[in-house]
Amino acid sequence: MVKNSKRKTSDDSGAIVSDNDSHIGSNSANTKTTAPALRSVNEEVETADNLQCEDPYEDIYEEEDDDISYEDVYESSGDEDDEYMEAMNEGDTSAAAAVAAGTTKEPKLPPPINANDGELQPAQIKTWNPFMGNTTGEELEMDETAYKMHHALTPEWPSLTLDIVPDAHLGENRTRFPHTVTMVVGTQADKRSKNKLSVLRMSDLCRIPGSGREKTEKELDDEMLGDAWKHEDDDSDSSSSDEEDEEEELDPVLENYSFSHSGGGINRIRVCPHNSSVVGVWGENGEVSLYDIGGAIDLLDRSSLSSNARKNDGSLAIKKEVRKMRKDPFFVYSGHSTEGYAIDWSSVTPGRLATADCDGNIHIWNATHPVTPNDIVAKYGNKSQSSPWSNSSFQVEPMYAAHGDNLDHPSVEDLQWSPTEATVLASAECGGYVRIYDIRCPGKAMISNKIHSGGADVNVISWNKLVGNLLATGGDDGSFSVFDLRNFQTADASIPPKPLARFHSHRTPITSLEWHPTDESMIAVSDDNGTYVYDLSIEEDDPENKMNEEEAAVEGVIPPQLLFVHSGSEMTKEVHWHPQIPSCIATTSLSGFSVFIPSNL
């Protein structure tokens, strides 16, 4: 009898199994093998001598495909090898793979990953340059935060010129809203008979809501530190100042009275500073006319007073004496050889006027009777229904003719009386000339300089009323300059005088400029693209990086002295400061009139 034996073997899958041989002579093919997990409970129990550590599960392997496609590994160039194509046609993938393995084609690379994939590309930010004009063709939108007050008016006919009529009843230095502004304007109609001189009164001009108050310390902190910084004790109800709360929001009111002008289109208008009832008008027919608008002013005053009375106590009218209305000019002068644009009243001598035409002739006017209202009352009495003005009220004398050094372009474009000297005036002329005259020496200029070496016309000039030695000029080449008249005369007449400042940023001709009436360093300038306010007292923050003359001469460079830009008007022609409302500016353009106060002035 033979003792049973045990052995451990591996099946085809590598699993270890146990065989129990009952008889030596038994056939191994008849031996039955069962996995431990499938054995019944009656089978032999595992002991120390009979360990059952076999894995009951058969390992499963996936066979890898050794046939690698040529297209999967190599980028097709469209001209595969003939051997590869022949092997593929015959279905011999192994041969095709062998051919692929011997090629020199570059393997496929994954497409590059875009770092900004899935994110919107940031829009390109372009800085808008006011001197370049609206090159995009898009309509400009007004930023209301840039203005304390802004009102615009589109008339029936455009106007080349306007002037401010000072108010005799509302006082000086008016800062409280609403404001009242009175102007005289002249039309450029399609027919000569339609032209007129109009007196416009715009009243109840309110501030832009929210522009009147100063920012609180908390708001300044929020502005500097960003939106993440907020005060817990912010009180939105206290955002308005007491003064703004007291102001009533009103609709603006426009009143006007017109005078016919038979001389055609009106080139230039100027109000007499000593008597705002007298207005000088340059016509395109070569005539200079003087109008008495006192009756129209009285009618507008009575209307305004009545309106205020109705608001305050409900009364229906205010009794105010109205001067006799004169619809035609009381004085017409036809002594000029052609039309002109230059006209200016003296602020030193009452009733003194200078006019100049496009042939280079300058004529001086002097009143023959009192001009100021008080002097008129003192001489003629308080006769409201009568007027002292007549066709004999002025005496005109031709004083200067075209100069020999500028006979080809003799036109005088602008005139300015000295704010301190009764007999001194300056002229801006074509050809780049600026001349200083003293009417005590007829026939010749005291100083004559060609300030533009290239010969660009000098379109406008303005004499500083607070600093009598400063004269500003604006040229047809887009430059404007400031000269010190104490150094205006040069030893060599061929060398132009050196200005205190010169700006070349404007790309279109300078059409108007005027010094601020109460700030000696501030000036308003206009060109075809807009109106600009400069403060000449501002200097570069970094003197080392200060622009040199060549850099400053580049068109379009924004100088640090530029404080404010008013755009949106089409072909601005004239700009004026209001003498009684601080920092209030009035402009006229092809698209209409604008009255505004910048927020930073």
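The rules we used
- Counting restarts for each chain: residues are numbered from 1 in the order of the written sequence.
- Reporting of local features is limited, given that this is a predicted model, to residues whose pLDDT is at least 70; pairs of side-chain atoms are given and counted only at 80 or more, and all residues count toward the totals for whole chains, interfaces and linings.
- Side-chain metrics in this entry use all non-hydrogen atoms of the structure; hydrogen atoms and water are not considered.
- Under the DSSP-based scheme used, a helix requires at least four consecutive residues in state H or I and a strand at least two consecutive residues in state E, with every element numbered from the N terminus.
- Classification of residues uses two cut-offs on accessible area relative to the type maximum, computed with a 1.4 Å probe and protein chains only: under 20% is buried, over 50% is exposed, and between them is partly exposed.
- Whether two residues touch is decided by their heavy atoms; if any such pair falls within 4.5 Å, the residues are in contact.
- Methods summary: accessible areas were calculated by the Shrake-Rupley approach with a probe of 1.4 Å, and residue burial reflects only the protein chains presented.
- Classification of ring pairs uses Phe, Tyr and Trp, with its six-membered ring standing for Trp, and accepts pairs whose centres are within 6.5 Å; under 30 degrees between planes counts as stacked, over 60 as edge-to-face, and the remaining range as tilted.
- In our convention, an over-ring charge means Lys NZ or Arg CZ found within 6 Å of a ring centre and within 35 degrees of that ring's normal.
- Just to be clear on terms, a salt bridge is a Lys or Arg side-chain nitrogen sitting within 4 Å of an Asp or Glu carboxyl oxygen.
- Two strands are counted as paired when DSSP detects at least two bridges linking them.
- Axis lines are fitted through C-alpha atoms, for helices just across the contact stretch, and the angle between N-to-C directions can take any value from 0 to 180 degrees.
- You can read pLDDT as the predictor saying how much it trusts each residue, on a scale of 0 to 100.

Digging into the overall build of the chain
Okay, step 1: Helices and strands together make up the secondary structure of the chain, namely eight helices and 30 strands.
Okay, step 2: Out of the 601 residues belonging to the chain, those deemed buried represent 41%.
Okay, step 3: Of all intrachain contacts in the chain linking residues separated by at least 6 positions in sequence, the fraction that spans at least 24 positions is 62%.
Okay, step 4: Taken as a whole, the chain presents about 34300 Å² of accessible surface, with 48% of it coming from carbon and sulfur.

Quick notes on unusual backbone geometry
Okay, step 1: At the junction of Phe177 and Pro178, the peptide bond is cis and its omega measures out at 0 degrees in the coordinates.
Okay, step 2: For Pro178, the position within the fold is in the loop between strand E4 (161-164) and strand E5 (179-186).
Okay, step 3: One non-glycine residue, Ser583, lies in the positive phi region at around 65 degrees.
Okay, step 4: Mapped onto the elements, Ser583 comes out in the loop between strand E28 (572-577) and strand E29 (585-589).
Okay, step 5: Judged by its relative accessible area of 11%, Ser583 is buried.

Section: the side chain of Thr587
Okay, step 1: Along the chain, Thr587 falls in strand E29.
Okay, step 2: In contact with Thr587, other than residues within four places in its own chain, are Leu162, Thr531, Thr572, Glu574, Val575, Gly592, Phe593, Ser594 and Phe596.

Details of the packing of aromatic side chains
Okay, step 1: Applying the stated criterion across every chain yields a total of 18 aromatic pairs.
Okay, step 2: In this structure an aromatic cluster arises from ring pairing among Phe330, Phe331, Tyr333, Trp345, Trp365, Trp389 and Phe394.
Okay, step 3: Sitting above the plane of the Tyr433 ring, Arg435 keeps its charged end 4.6 Å from the centroid.

Notes on the pattern of salt bridges
Okay, step 1: Across all of its chains, the model carries nine salt bridges by this definition.
Okay, step 2: In this structure, the salt-bridge partner of Arg440 is Asp438, at a minimum N-O distance of 2.7 Å.
Okay, step 3: Residue classification places Arg440 among the exposed positions, given a relative accessible area of 61%.
Okay, step 4: Residue Asp438 is classed as buried on the basis of its relative accessible area, which comes to 9%.
Okay, step 5: Arg486 serves as the salt-bridge partner of Asp484, at 2.8 Å between the closest nitrogen and oxygen.
Okay, step 6: Salt bridges linked by common partners bring Asp167, Arg201 and Asp301 together as one network.

Things to note about the sheet that holds E28
Okay, step 1: Here we have four strands laid out as an open sheet, ordered E3-E30-E29-E28, and antiparallel in their pairing. The open sheet has two edge strands, strand E3 (147-153) and E28, and neither has a second partner. Recorded for the sheet is a direction-independent mean angle of 15 degrees between the axes of neighbouring strands.
Okay, step 2: Judged from the six bridges that link them, E3 and strand E30 (residues 592-598) form a sheet pairing that is antiparallel.

A few points about the sheet that holds strand E16 (residues 412-417)
Okay, step 1: With antiparallel pairing, the four strands of this open sheet are ordered in space as E16-E17-E18-E19. With partners counted over all chains shown, the strands left at the sheet margins are E16 and strand E19 (447-450), one partner each. Adjacent strand axes in the sheet meet at a mean angle of 15 degrees, parallel and antiparallel pairs treated alike.

A word on the confidence of the model for the chain
Okay, step 1: Looking at the chain as a whole, the pLDDT averages 80, with 65% of positions reaching at least 70.
Okay, step 2: Across residues 73-79 the pLDDT falls below 50, and counting only partners more than four positions away or on other chains, this stretch makes 13 contacts in the model.
Okay, step 3: Across residues 313-317, where pLDDT falls below 50, the model places seven contacts with residues more than four positions away in sequence or in other chains.

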